[in-house]
Amino acid sequence: MHLQGSARLLITAAEEQLPGAFGQGCALLLEGVERDRSLNQAAKAIGMAYSKAWRLVREAEAHLGFELLVREGARGSHLTEEGKQALLAYRTLQHEVEELLEQRMPELFGNR
């Protein structure tokens, strides 16, 4: 049997007790907005209700302290510059965590 590790990366405001976090769901939504210029389309693509998508984005914004998306009415939405930077930072950290797991799992658990 081969063991595989995984980790859930969540970014939260350290000094406040706020609901939610900036995590995988929000990152997927932001990537969808980049691709489709629509939060509604991004939510549909991952099987999420539009209302839940907005809640996840707003909760993440509260933790980060800046807006991730700008609504353009009927023209859809786009990421703010801070939103693009946050998404890149999240994906960079996620990649580094995955690399660390890949390296350390055999060291700590052997080749199982």
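It should be noted that the structure appears before, not after, this text.
These lines cover the structure that appears in this document, whether it is placed above or below.

The rules behind each value
Residues numbered from 1 in each chain as written. Predicted model: local features only at pLDDT ≥ 70, side-chain atom pairs only at ≥ 80, totals over all residues. Heavy atoms only, no water. Helix = DSSP H or I, 4+ residues; strand = E, 2+ residues; numbered from the N terminus. Buried < 20%, exposed > 50% of the residue type's maximum accessible area, 1.4 Å probe, protein only. Contact = heavy atoms within 4.5 Å. Areas by Shrake-Rupley, 256 points an atom, 1.4 Å probe, with all protein chains shown as cover. Expected span 1.5 Å × (residues − 1).

### Let's talk about the overall build of the protein
Then comes step 1: From N to C terminus, the protein includes 4 helices and 2 strands.
Then comes step 2: Helices and strands appear in the protein in the N-to-C order α-α-α-β-β-α.
Then comes step 3: When its C-alpha atoms are laid out on the principal axes, the protein stretches across 55 × 35 × 25 Å.
Then comes step 4: Out of the 112 residues belonging to the protein, those deemed buried represent 34%.
Then comes step 5: Sequence-distant contacts, at least 24 apart, represent 51% of the contacts inside the protein between residues at least 6 apart.
Then comes step 6: Of the accessible surface of the protein, which amounts to about 7,400 Å², a share of 51% is contributed by carbon and sulfur atoms.

### Here we look at the environment of Ala-42
Then comes step 1: Mapped onto the elements of the fold, Ala-42 is located in helix H2 (residues 39-45).
Then comes step 2: On the basis of relative accessible area, Ala-42 is assigned to the buried category, the value being 1%.
Then comes step 3: Separated by 66 residues in sequence, Ala-42 and Leu-108 place their C-alpha atoms 38 Å apart.
Then comes step 4: Those residues in contact with Ala-42 that sit more than four places away from it in its chain are Leu-29, Gly-32, Val-33 and Asp-36.

### Here we look at helix H1 (residues 24-36)
Then comes step 1: Under the 1.5 Å per step criterion, the end-to-end length of H1 is 18 Å for 13 residues, consistent within 8% with the ideal 18 Å.
Then comes step 2: For H1, the complete set of buried residues consists of Cys-26, Ala-27, Leu-29, Leu-30, Gly-32 and Val-33.
Then comes step 3: Packing partners of the buried residues in H1 comprise H2, helix H3 (50-64), strand S1 (69-71), strand S2 (77-79) and helix H4 (81-109).
Then comes step 4: Of the residues flanking the end of H1, it is Arg-37, one or two places downstream, whose phi is positive at about 55°.

### Remarks on the environment of Gln-85
Then comes step 1: Tracing the backbone through its elements, the reader meets Gln-85 in helix H4.
Then comes step 2: Expressed as a C-alpha distance, the spacing of Gln-85 and Ala-21, which sit 64 residues apart in the sequence, is 16 Å.

### Re unusual backbone geometry
Then comes step 1: For Arg-37, which is not glycine, the phi dihedral falls at a positive 55°.
Then comes step 2: Within the fold, Arg-37 resides in the loop between H1 and H2.

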